[in-house]
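Single-letter residue listing:
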Amino acid sequence: NPFHNFEHASHVTASVKKLLSRIVKVGQGNGLAQSSQNLNLVDLAGHSYGITSDPLTQFAVVFSAVIHDADHPGVSNAVLVKENTRNAQIYKNKSVAEQNSVDLAWQMFMGDEYKDLRACIYQTEEDLRRFRQLVVNTVLATDICDKQLQTLRKKRWETAFSETPVDEAELMQVDRKATIVIEHLIQASDVSHTMQHWNIYKSWNKKFFMECYGAYRAGRADSDPSTNWYKGEIGFFDFYVIPLAKKLDNCGVFGVSSDEYMNYAKANRDEWVREGENIVKEFLADFEEANMQAIE
C-alpha cells in the first residue's frame, strides 16, 4: 500500500512517543510544571490521569501504534463490508480492518519467539488481560468512521469533562479521562501528518491519494476520489483535524504540543486552500506516469 504500510506505522509510533513524552517529561520545555520528583498525576492541570506512572499503559499505546494497521487491505471498512469479504463476515461488519490487525498481531505476539518480550511486559494474568484490553481499545480508537463508536466517544467526553459534577467514584472518573487521553493521542498520531510541516503533510496526502485512487482504478470504489479530493481535505481539516487539535488542548495534559499541532493544522489548511486544486492535478499526473512505467 502507498499509505497504509510500515512507514505509516513508524510515523504514527513516533508521534505517539512524542505526545507521551510531553506528558512524562515534566519541566523540559513542554509547558508542564515540575512540582516534585514523583511524576504521578503531574501536568499542566495537575492531572495526567495516572498515565505517567503506568509503564504498561505507555507501552501498550506504543505497541498499538506499531500494529494498528497490520495487514491493511488498502481500502476502507465500508468497501470491505460492501464486498462482503471474509473478514467483514468474521467481524460482523464492525471495525473490520482494526479488529483484523489486532487479532493478527496478537497471534504473532503470543508465539514462542516473543516469549522473552512478553515476560518483560507482564508477569501476571491480570496484567496480560489489562495489556490486551488497552491494545484493543487503542487500536479500535483509530476507527473514526463507525457512528456507534463516535457516539460512545462523544458521550464519554461530555461526561468526563462536563462542568456539572458527576456523582461517581474518583477512580472511575480518572480511568475515563485516561481512556479519553489515550484515544485522542492515538487519533492525533494517526493523522499527525496533517499537523506537521507542510512538506510532510503534502507527502503523506499524496500517498493516501495514490492508495485511494488506485483502489478506484482497480474497481474497488464507486466514485473517483480525485473529483472531491480538494474539497474533502478542507472538510477533513474543518470537521476532524482542527476539532481534534482543540481536544488535545482541552485534555490539559500535552502542554505546548497541543498549540503546535493546532498551528500546523491551520497553516496546512490555509496552504491547501490556496494550492490544493493544482496539487490534486499533480497527484493525478504522477499516478498516470507511475502506472505507465509499471506497464512498460
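Residues numbered from 1 in each chain as written. Predicted model: local features only at pLDDT ≥ 70, side-chain atom pairs only at ≥ 80, totals over all residues. Heavy atoms only, no water.

## Quick word on the overall build of the chain
From N to C terminus, the chain includes twelve helices and zero strands. Counting helices and strands in the order they occur from the N terminus, the chain gives α-α-α-α-α-α-α-α-α-α-α-α. Of all 296 residues assigned to the chain, the portion counted as buried reaches 44%. About 15,900 Å² of surface is accessible on the chain, with carbon and sulfur atoms providing 52% of the total. (Helix = DSSP H or I, 4+ residues; strand = E, 2+ residues; numbered from the N terminus. Buried < 20%, exposed > 50% of the residue type's maximum accessible area, 1.4 Å probe, protein only. Areas by Shrake-Rupley, 256 points an atom, 1.4 Å probe, with all protein chains shown as cover.)

## Overview of a nonpolar patch on the surface
Taken together, the side chains of Phe59, Leu104, Met108, Tyr114 and Leu117 present a nonpolar region at the surface, about 400 Å² in accessible area. You can see leucine 104 is positioned in helix α5 (residues 96–109). For leucine 104, a relative accessible area of 32% translates into the label partly exposed. (Patch = residues over 30% accessible without salt bridge, like charges linked within 9 Å, V, L, I, M, F, W, Y side chains within 5 Å. Salt bridge = Lys/Arg side-chain N within 4 Å of Asp/Glu carboxyl O.)

## Let's talk about the confidence of the model for the chain
Mean pLDDT for the chain: 88, with 88% of residues reaching 70 or above. Low pLDDT (under 50) marks residues 24–47, which in the prediction has 46 contacts with non-local residues, meaning those over four places away or in another chain. (pLDDT = per-residue confidence, 0-100. Contact = heavy atoms within 4.5 Å.)

## Regarding helix α2 (residues 55–67)
Taking 1.5 Å per residue, 13 residues should reach 18 Å; α2 reaches 18 Å between its end C-alpha atoms and fits that length. Of the residues making up α2, those classed as buried are Leu56, Thr57, Gln58, Ala60, Val61, Phe63, Ser64, Ala65 and Ile67. (Expected span 1.5 Å × (residues − 1).)

## Overview of the side chain of aspartate 190
Mapped onto the elements, aspartate 190 comes out in helix α9 (residues 170–190). It turns out aspartate 190 is buried and unbridged, and the closest side chain with the opposite charge, arginine 153, is 9.7 Å from it. In this structure the side chain of aspartate 190 is engaged in a polar contact, spanning 3.0 Å, whose partner is the side chain of histidine 68. For aspartate 190, the contacting residues outside a window of four places in its chain are His8, Val12, His68, Asp69 and Thr142. (Lys, Arg positive; Asp, Glu negative; His and termini not counted. Polar contact = N/O pair within 3.5 Å; in protein donor to acceptor, adjacent residues only side chain to side chain.)

## Topic: the packing of aromatic side chains
This structure, assessed with the given rule, holds 20 aromatic pairs. Taken together, a centroid distance of 6.1 Å and an interplanar angle of 20° make the contact between phenylalanine 59 and phenylalanine 131 stacked. Of this pair, phenylalanine 59 sits in helix α2 while phenylalanine 131 is found in helix α7 (residues 125–140), placing the two residues 72 residues apart along the sequence. Each ring, one from tyrosine 201 and one from tryptophan 272, has its centre 6.1 Å from the other, and the planes form 85°; the classification is edge-to-face. In this pair, tyrosine 201 is assigned in helix α10 (residues 198–217) and tryptophan 272 in helix α12 (residues 257–295), connecting sequence segments 71 residues apart. (Phe/Tyr/Trp six-rings, centres within 6.5 Å; stacked < 30°, edge-to-face > 60°.)

## Topic: the nonpolar core
Most often, soluble globular proteins have nonpolar side chains that are buried together. In this structure, Val16, Phe131, Val181, Met195, Phe254 and Trp272 are the most contacted members of the largest nonpolar core, which totals 63 residues. Top contributing element to this core by residue count: helix α11 (residues 229–251), with eleven residues. Beyond its immediate sequence surroundings of up to four residues, tryptophan 272 is in contact with Trp198, Tyr201, Asn205, Trp229, Tyr230, Glu233, Ile234, Ile279, Val280 and Phe283. Formed by eight residues, the second largest nonpolar core is a distinct cluster that contains Val75, Val79, Ala88 and Val96. (Core = buried A, V, L, I, M, F, W, Y, C linked by side-chain atoms within 4.5 Å.)

## A short note on the pattern of salt bridges
Following the criterion strictly, the structure yields 14 salt bridges and no others. With its nearest N and O atoms 3.7 Å apart, the salt bridge here joins glutamate 7 to lysine 207. In this pair, glutamate 7 sits in helix α1 (residues 6–24) while lysine 207 sits in helix α10, placing the two residues 200 residues apart along the sequence. With its nearest N and O atoms 3.9 Å apart, the salt bridge here joins arginine 269 to aspartate 270. Residue classification places arginine 269 among the partly exposed residues on the basis of a relative accessible area of 22%. Relative accessible area serves as the criterion here: at 38%, aspartate 270 is assigned to the partly exposed category.

## Description of the packing of α10 against α12
A pair of packed helices can be characterised by two numbers: the angle between their axes and the separation between those axes. At their nearest, the axes of α10 and α12 sit 9 Å apart, and the two run at 45° to each other. What the angle tells us is that α10 and α12 run oblique. Considering how the two elements wind past one another, α10 and α12 form a crossing that is right-handed. Residues Trp198, Tyr201, Lys202, Asn205, Lys206, Phe209, Met210, Tyr213, Gly214 and Arg217 of α10 touch α12, and the partners they reach there are Asn268, Glu271, Trp272, Ile279, Val280, Glu282, Phe283, Leu284, Asp286, Phe287, Glu288 and Asn291. (Axes fitted to C-alpha atoms, helices over the stretch in contact; angles between N-to-C directions. Parallel < 35°, antiparallel > 145°, perpendicular 65-115°, else oblique. Left-handed = near helix turned anticlockwise from the far one by under 90°.)

## What about the packing of α11 against α12?
Two elements in contact, α11 and α12, have axes separated by 10 Å at closest approach and are oriented at 175°. As judged from the angle between their axes, α11 and α12 are roughly antiparallel. Of the residues belonging to the contact of α11 with α12, the class tally is 15 nonpolar, three polar and seven charged. (Nonpolar A, V, L, I, M, F, W, Y, C, P; charged D, E, K, R; others polar.)

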